[in-house]
Each structure stands twice: as structure tokens, then as C-alpha cells.
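Fold and contact review
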Number of protein chains: 2
Amino acid sequence: MSEIFDQINPPPRLLMGPGPINVDPRVLRAMSSQLVGQYDPSMTAYMNEVMALYRQVFKTENRWTMLVDGTSRAGIEAVLVSVIEPGDKVLVPVFGRFGHLLCEIAHRCGAQVHKIEAEWGNVFNPEQIEAAIHLVKPKMLAITQGDTATTMLQPLKEIGEICRRNGVLFYCDATASIGGNELLSDEWQLDAVSVGLQKCLGGPSGSAPLTLSDHIVEQIDRRRHIEAGIRDAHHHDSKGEVIRSNYFDLAMIMDYWGEERLNHHTEAATMLFGARECARILLQEGVDEAVQRHKLHGDALREGAQGLNLRLFGDQMHKMNNVLGVYIPEGVPGEAVRTAMLEDFGIEIGTSFGPLKGKIWRIGTMGYNARKDAVLVTLTALENVLRRLGHKLPLGEAVDRAMAVYEAAAQ
Amino acid sequence: MSEIFDQINPPPRLLMGPGPINVDPRVLRAMSSQLVGQYDPSMTAYMNEVMALYRQVFKTENRWTMLVDGTSRAGIEAVLVSVIEPGDKVLVPVFGRFGHLLCEIAHRCGAQVHKIEAEWGNVFNPEQIEAAIHLVKPKMLAITQGDTATTMLQPLKEIGEICRRNGVLFYCDATASIGGNELLSDEWQLDAVSVGLQKCLGGPSGSAPLTLSDHIVEQIDRRRHIEAGIRDAHHHDSKGEVIRSNYFDLAMIMDYWGEERLNHHTEAATMLFGARECARILLQEGVDEAVQRHKLHGDALREGAQGLNLRLFGDQMHKMNNVLGVYIPEGVPGEAVRTAMLEDFGIEIGTSFGPLKGKIWRIGTMGYNARKDAVLVTLTALENVLRRLGHKLPLGEAVDRAMAVYEAAAQ
């Protein structure tokens, strides 16, 4: 029997979890644009503009700054599979779920993966990382900047210098942090950074911007093999080992984004239009101003949560601006609270993974939703739901404390 | 210097090349919907609906019918890397560019690739394929149904039975053909089919629907390894070799689309909304009716092209309905014609690859653009441009011949 269903009509939701969050309406409008051909001069011009825009987002001069067509983990895999040759040593400092993901992907690329672990809710100091580098002597250090599973933000500033001094490639997955927390790709000597749109950039999942230093590009170039069917007589393969993936082969993706425009995939134009608008929105506000905005609303949410008599999770010195972890109070049914928030108020807050499953909630203030009204509406709804589900709290204090943060900032 | 560029505003184009083509406005409207959370009941319901819709598109009862988040070659790589273990033999009959792509991807998955080749413009008969299977004894046969590079459509009907009889897995990339040419996944005993949205389905590139038979799912299941960080005590790994990709691991993608909803990537919701609407549009028309529509407009275009005094490329018995190859006439500057079509008339037609580069043009009539007005506008513009650039042709005959096709069909 043929079943065709109704036209799409999602319920209205205020997405205050760890992401994805509501897409900025400007991004949706950009994505509703009609297509042009893959090699239309206007399309290739848009591709070049995307490169220029994301250089500013990443704070880099790197020529090779572009999109991988897939979700944020597609960007991670593209970097790792294009660099790692089977047997290469990769060091991964793990302080949450996404460190495990980096290990997993590196392992599948054939790496000898060495991990060091910090307890969830903490980050690493540079000495721990340097000691591990001395011990392991890896080809690459792969690390997450912000892990939404734990809400922690790993400081990166000193790690680049350590990597450079020890001849180690330095890769960072900044999906959860970009746009809401400081990231200085060049100043911090990052060799590769990949991200997604669905956190502080205010876009939908499905496009993975990344940037590559000249140094890492040299290594990838040594593995350039152009696929049969589009290879011309003037193309010469490099001597390095063939990259184990076609789709994620950054050498070929560079050829597609570069002057030769060698066909690889068919660019996901609608996602590119969205990624372009995400960057324009961020840059019109200013990257530093956007980080400050995330800090302001993150601080207000944190104060408000304490006004709800909720205990904070994790090392508050190293918390991301855009997501807050709070312990589910003893005796309060965590999932019933989330369900009431969603069904009665249309507001989504997050649960967690692994060792924190059922122990904390995660509340985000990011991208388009790093706004005063979104914070206050969430706090009042949560106050109501918590009170009805048996949690003791001082009425009205959540908003009072959040408001105090806003008032102090306005002075 | 900060450079933010203008808001997106692509020039109006009628895309009559080999794809991507203009997106159906209904799809753009669906994609402008606001997001809901990744595990929102409405989102998981949409995912289930997408599975049900694409079963009808693929004409299959396969439970595992879902999306891979990436362009059509992401779907190809997901199937191949999830099935192929290093050393496995894969047979690829190559009759155009995309057969080479299948070889390339299979090779990078570690396969021993055996190819047989047909001259561009032709297809294989079942005897040639069975003979190669007997010789090679592959684990899998991987083949393209329609190759836009040559405009050819490979008949598949008898190959499934041959594969089944010889214990060979049967995979087909039907990106260019689906929706415009008959495809009966179950009746033809296909084990896996993957496609994209950007041809006859009238969507943008960036989502890869695929379907997997129970038989191939069994093989993939033997390689299921759940990633650290989301693994629970009740999860057990299978004994088979770990799949070489995390992003394309179909065992994990099934776990994400299945009842357990184990986190893998964050679904590219906007692309999913688009993929859902593409399927709804096709099914509201009827798959068979859509194939007939592509045949009608393809026939009209072919007659019209002959009225332009253009010679047809390739075996016309095995041409796809949705794309036509015509030789660039002697003495006519091929690229100047394409440029005039684009710049003066806003119409894109295609060039070709490899051995056909500079020799043929490719003109598509697919998806939203498989329409009478699109065909007639293209023919009149092409008549004008060809005449101005020195090609001799009988004025008015192109539209007369196309019209005759429409009139015959209306009777």
C-alpha cells in the first residue's frame, strides 16, 4: 500500500540542548535559494567566497579552508584518513565522548592509537600532554576543543608550540566550540581544524568546514592519486600510500576546490549556501563579539541554574561558554523533567552519555539561541517543571540571578 | 581585511545538463523548515517515514532503507567499505566514468578489483557479465545503472539472477537513473542500491538514499563494532573484521536508524527534509508515471536535437530517458556554444569527460526539468546559438519534431 505522509511540518521547539539548535532563519532563507550548475561561474565564485569566509571564522591564513560534504564527523574522518597511514602513531587525550570518537576513527584508519584519559568534567594541562608526546612520539596529536558530553573546553594555546617543537601534527575537532569560544588556528599553530554548523554557528548539521596548514597539506600532497576516469595525461600520481577513502581524500577535495576544479563529488550546494550564511552572520557580528555573547548568556544561564538550586557539573574554570552541565537532583526523575519540558513547554534540554548518562542534564545557549529571551524562558519553564516534579527551589530566584548578570554586563 | 560578501543570490538558470538540475520548489520549501532535536519524537517519526518512502522509491521491502549523509558517492563508499574486506574480489563492468569510480572506491577499500570494459556508448549483455563472474569468482558485482558521462542505461533485469546463482552480492549505483528509468530492486534481486537526489528526484546533492537486502545486512552485521563512548555493557562486538570507516559504517548507521537509536552522526535534518519531499513528489506522481514522463520528454528532446541537425551519440536502444548525448558538429566551437547558452539564455547544457571530452554535449531532461516548456525553450535557444555559431540547420524543425512527439503522446 502506498503511504505518502503529509508535507513536512515540524512542531515548534526551542532547542536548548547540546545541539543541534534552532537554525538562524537567515540560514534557512539562504538555503532556499535555487541551484546553479556545479561549474557555473557564480557557483565557483560562491565556493571561493566560502573559503575566504571560513578563513576568518578559523582565524587563519591557510589557503586550504573549505567544506567536506557531510556531518561534523565527516570532517574528522577526512582529516584523519588523509593524514594517517597504517601503523602511524596517533595520540589522543580523551576527556569526554568525542575523544573516544577520535580514537575510534583513527583506529579505523589503521593508526596505532595511544590515548590518555582525564576524568569526565576535567581537562588536560600542557605538561600532561607534553609528557605523553615524549613517551609515545606520535605523528599526530588529535584532540577535541569542546566536548558537549562533559561541557569542558580544553585549552589549546600552549599545545601548538609543544607539538611544533616535537614535530607532531596538531589536529583539533572544534565542532562544539567554534563561534562561541576563542579559537585562533594560526596563532595556536594548529595544522588542521574541522567543525560542523549545528552548534554556535547556527546552521543545520550536514556540512563540515575545515582548514589545513601548509605543513599538513604537504603531507597530504605526497599521497595524491587522481581517480581513473578523470585523469588526464598531464596528471602524475604521488609516491605516497593511496588514501584509504575516495570520498574523504583531501588531496582530491583540494583539486575540486582549487583552480583545476577537477571533478570529485557534486558539491552539496544547498548545504554550501547554508554554510556561507552561517559564516556571514558570525562575521557581521564579529567573531570576538560572538564569543562574548556566548559567554554572557552562558553566565546568565549558569547563575539561573544555581538559582534553581541545581548543582553544577565539572570544572567551572574550563567550561565551554555555550553549554552547561547540571546534576539531576536526588529524587527527581530526570527523563520526566525533560519530557515535561518538551511536551508542555516545547523546550528541549539534553541528557548525557556514558558515565554521565542519567546523572546530568546539559543545557545549551548557542548560536541563534544564545539570546536573553531563550535563557529566561528556559529558566522559568524549568523552575515550573522542577517544582511540580518535587524539587525544592526558591521561587523566582533563577530569573533574578540571570537578570543580575545581564544588568551587570549592561553597565 | 574582513570581507563578508553579499547575501546569496544565484542567477536564474535553467539547468538542462546531466545534473544537478533545478530543485523542485516544493523541496526547497520543505528544506526551509525549522529543526527539531535529533531524538525528538517528531524527528524519529520523520526518519521512519523516510525509510517507508524510499522503500517505495526503490520498489523494495528491505527493512534497511535509509539515508547516508553526504553526496551520492558517499552512498557508494558506505556500501563498498561496509561489505568489502581487504583482499575480497570485486567485479566491476565499466561502461563510462562511474564504473571507473566504483573501481577506484573498491580499490581504496582494499578490494582486488577486476574490471571488464565496454566502449563508451555501449552497455554489457548478461552473457558477458556471467562469463566474467565465472572467471573472477568475485564476492561482489558493482555496477552503475545509468552513466551520465555516456548517457547509457545498463539493463539489470537478468544480472540479479546470475549473481544469485553464482553466490555473488549484487550492488548498483542508480544515482543518475532513479526516478527516470525503471528500477525494481527486489524483483531484480539487488542486494544494495544507492542513489542521490540531484538527478531525476529533483533535489540538491548532499543526501544518499540507499537500500540493503537482508542477505547483505547479514554480512555487514558480522562486522558490527560499536564505538567506545556510547557502548553499553549489553553491547557485544561481532567477530568480523572492523569496517575501515566510522562515518560509512552501515552497521552503526543501521543502529542509529533502528529502534535502539544509538548515536552515530547528527542527522543532517535539512537534507533529510529535502530527501523526504523528493520521495513524496515522486510517489504522488507515481514511480511508473514519472518514468513515463522522463521517457516522453527525453524522446521529444531527441527528436528536437535531430531537427537541429545534430548526430546522436551512443546506442539508442540503451539510452537513459533523462539525458541525451549529441556530437558537437565539425567546425562548431563546443565551449562557445555552451557559454552563449549560459550567458545569453541562462540555460546550462553539459560537456563530457575522458574520451568524450570536447566531443559531445549532454542535454538533460530530468526531475523538475522533465517538462515540455523546458525542452522547447532549450531547443529554440540552441537553434539560435548553433545558427549564429556557424552550424547549418533547418529553421523551426527542432520544435516541430519535438511537438510531434507530444502530439502523438496526447492521442
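Residues numbered from 1 in each chain as written. Chains lettered and ligands numbered in written order. Predicted model: local features only at pLDDT ≥ 70, side-chain atom pairs only at ≥ 80, totals over all residues. Heavy atoms only, no water.

**Considerations on a negative patch on the surface**
What counts here: Residues forming no salt bridge and having over 30% relative accessible area are the ones grouped into patches, like charges within 9 Å of each other and nonpolar side chains (Val, Leu, Ile, Met, Phe, Trp, Tyr) within 5 Å. Here the Shrake-Rupley method, with its probe set to 1.4 Å, supplies the accessible areas, and only the displayed protein chains count as covering residues. By convention in these notes, a salt bridge is any Lys or Arg side-chain nitrogen within 4 Å of a carboxyl oxygen on Asp or Glu. Charge counting treats Lys and Arg as positive and Asp and Glu as negative, with His and both chain ends excluded. A single reference atom marks each charge: NZ on Lys, CZ on Arg, CG on Asp, CD on Glu. Numbered from the N terminus, helices here are DSSP runs of H or I no shorter than four residues, and strands are runs of E no shorter than two.
On the surface, A:E61, A:E182, A:D186 and A:E187 cluster together to form a negatively charged patch. For A:E182, the location among the structural elements is in the loop between β8 (169-173) and β9 (192-194).

**What to know about the relation of the copies chain A and chain B**
The following threshold applies: A residue counts toward the fit only if its pLDDT is at least 70 in both copies, and the copies are then superposed by least squares on the C-alpha atoms of those residues. Note on contacts: a residue pair qualifies if any of its non-hydrogen atoms lie within 4.5 Å across the two residues.
Mapping chain A onto chain B leaves a residual RMSD of 0.0 Å; the transformation is a rotation of 180° accompanied by 0.0 Å of translation along its axis. Taken together, these values place the two copies in the relation of a two-fold axis. For chain A, the minimum C-alpha distance to the rotation axis belongs to A:G70 and amounts to 2.4 Å. The fraction of interface residues of chain A whose copies in chain B are also interface residues reaches 100%, indicating that both copies meet through the same surface.

**Side note on unusual backbone geometry**
Spelled out, the test is: Partly exposed residues are those whose accessible area sits between 20% and 50% of the maximum for their type, while under 20% is buried and over 50% is exposed, using a 1.4 Å probe and protein chains only.
In this model, A:G19 is joined to A:P20 through a cis peptide bond whose omega is 0°. Tracing the backbone through its elements, the reader meets A:P20 in the loop between β1 (14-15) and α1 (25-31). With phi around 50°, B:K137 is a residue other than glycine that occupies positive phi space. Here B:K137 lies in the loop between α5 (126-136) and β5 (140-144). The exposure class assigned to B:K137 is exposed, which follows from its relative accessible area of 60%.

**A short note on the domain arrangement of chain A**
All names here are of chain A. We count it as follows: In this entry, domain limits derive from an automatic or database-based domain assignment. As a working definition, buried area equals the accessible area (1.4 Å probe) given up by two parts on being put together, with both sides summed.
What the domain assignment lists for chain A is domain 1 (22-283) and domain 2 (287-410). Look at where the C-alpha atoms of domain 1 and domain 2 centre, and you get two points 30 Å apart. For the pair domain 1 and domain 2, the summed buried surface comes to about 2200 Å²; carbon and sulfur atoms form 64% of the total. Between the two partners, domain 1 and domain 2, sit one salt bridge. Taking the shortest distance from any N to any O, the salt bridge between K59 and D288 comes out at 2.7 Å.

**Observations concerning the pattern of salt bridges**
Between side chains of opposite charge, a pair can form as their charged atoms come close. A full pass over the atoms with the stated rule returns 42 salt bridges over all chains. The partner of A:D40 in a salt bridge is B:R13, and the shortest N-O contact between them spans 2.6 Å. Here A:D40 is found in the loop between α1 and α2 (41-58), whereas its partner B:R13 is found in the segment before β1 (14-15) on a different chain. Under the relative-accessibility criterion, B:R13 is labelled buried at 18%. Here B:R26 ties to B:E277 by a salt bridge, and the two come within 2.9 Å at their closest N and O atoms. Placement of B:R26 in helix α1 (residues 25-31) and of B:E277 in helix α9 (residues 269-285) is noted, with a sequence separation of 251 residues between them. According to the relative accessible area criterion, B:E277 is buried, its value standing at 5%. By sharing partners, the salt bridges in this structure join A:R26, A:E277 and A:R280 into a single network.

**Considering the packing of aromatic side chains**
Under the convention used in this document: Note on aromatic contacts: the rings of Phe and Tyr and the six-membered ring of Trp form a pair at centre separations within 6.5 Å, being stacked when their planes are under 30 degrees apart, edge-to-face when over 60 apart, and tilted otherwise.
Per the counting criterion, the structure on display carries 15 aromatic pairs over all chains. Measuring from centroid to centroid gives 5.0 Å for A:F248 and B:F248, while their planes differ by 20°, and the two rings are stacked. With A:F248 in the loop between α7 (214-221) and α8 (250-257) and B:F248 in the loop between α7 (214-221) and α8 (250-257), the pair connects residues from two separate chains. No difference in accessibility class separates A:F248 from B:F248, as the two residues are buried. Ring geometry for B:F95 versus B:F124: centroids 6.5 Å apart, planes at 80°, classification edge-to-face. Of the two residues, B:F95 sits in the loop between β3 (89-94) and α4 (97-108) while B:F124 sits in the loop between β4 (112-117) and α5, which places them 29 residues apart along the sequence.

**Quick notes on the interface of chain A and chain B**
Applied cut-off: Throughout this description, a polar contact denotes any pair of N or O atoms lying within 3.5 Å of each other; where both atoms belong to protein, one of them has to be capable of donating a hydrogen while the other can accept it, and for residues adjacent in sequence the pair is counted only when both atoms sit in side chains.
Taken together, the contact between chain A and chain B spans 85 residues of the former and 86 residues of the latter. With both chains or domains summed, chain A and chain B bury close to 7100 Å², and 57% of this area falls on carbon and sulfur atoms. Where chain A meets chain B, there are four salt bridges. At the boundary of chain A with chain B, the tally comes to 40 residue pairs in polar contact (both at pLDDT 80 or more). Only α1, α2, α3 (72-83), α4 (97-108) and α9 (269-285) of chain A provide two or more residues apiece to the side of chain A that touches chain B.

**Comments concerning the sheet that holds strand β10 (residues 208-212) of chain B**
Residues and elements named next belong to chain B. To keep it simple, the criterion reads: DSSP-based pairing: two strands are paired if at least 2 bridges between them are found. Fitted lines through C-alpha atoms give the axes, limited to the stretch in contact for helices. The angle between two N-to-C directions lies from 0 to 180 degrees.
Spatially, seven strands are ordered β2-β10-β9-β8-β5-β3-β4 in an open sheet, and the strand pairing comes out mixed. Edge positions in the open sheet fall to β2 (64-68) and β4, since each of these has one partner strand only. Mean inter-strand twist for the sheet, computed between neighbouring axes without regard to direction, equals 20°. Pairing between strand β8 (residues 169-173) and strand β9 (residues 192-194): three bridges, direction parallel. Pairing of Y171 across the sheet is with A192, part of β9. Packing against the sheet, helix α2 (residues 41-58) makes contact with β2, β9 and β10, and its axis sits at approximately 105° to β2.

**A short note on the pairing of β5(B)**
All names here are of chain B. Burial of β5 is extensive: five of the five residues sit out of reach of the surface. Across the two faces of β5 the burial is the same, with M140, A142 and T144 and L141 and I143 all buried. By the bridge criterion, two bridges tie β3 to β5 in an arrangement that is parallel. Bridge pairing links L91 to L141 in β5. In terms of strand pairing, β5 meets β8 through five bridges, oriented parallel. Across the sheet, the residue bridging to I143 is C172, located in β8.

**Let's talk about the confidence of the model for chain A**
Our working definition: The predictor's confidence in any single residue is recorded as pLDDT, a number from 0 to 100.
Averaged over all residues, the pLDDT of chain A is 96; the fraction at 70 or higher stands at 100%. Here the predicted complex scores 0.98 on pTM and 0.98 on ipTM.

**Examining the packing of α2(A) against α9(A)**
Residues and elements named next belong to chain A. Going by this rule: Each angle receives one of four descriptions, namely roughly parallel if under 35 degrees, roughly antiparallel if over 145, roughly perpendicular if within 65 to 115, and oblique otherwise. In this scheme, a crossing is called left-handed if the near helix is turned counterclockwise away from the far one by less than a right angle; it is called right-handed if the turn is clockwise. Charged means Asp, Glu, Lys or Arg here, nonpolar means Ala, Val, Leu, Ile, Met, Phe, Trp, Tyr, Cys or Pro, and polar covers whatever is left, Gly included.
In the contact formed by α2 and α9, the axes pass within 9 Å of each other and the chain directions differ by 40°. One element, α2, and the other, α9, form an angle in the oblique class. The crossing of α2 and α9 is left-handed. Of the residues in α9, those in contact with M43, Y46, M47, E49, V50, L53, Y54, Q56 and V57 of α2 are A269, L272, F273, A275, R276, C278, A279, R280, L282 and L283. Taken together, the residues that form the contact of α2 with α9 break down as 15 nonpolar, one polar and three charged.

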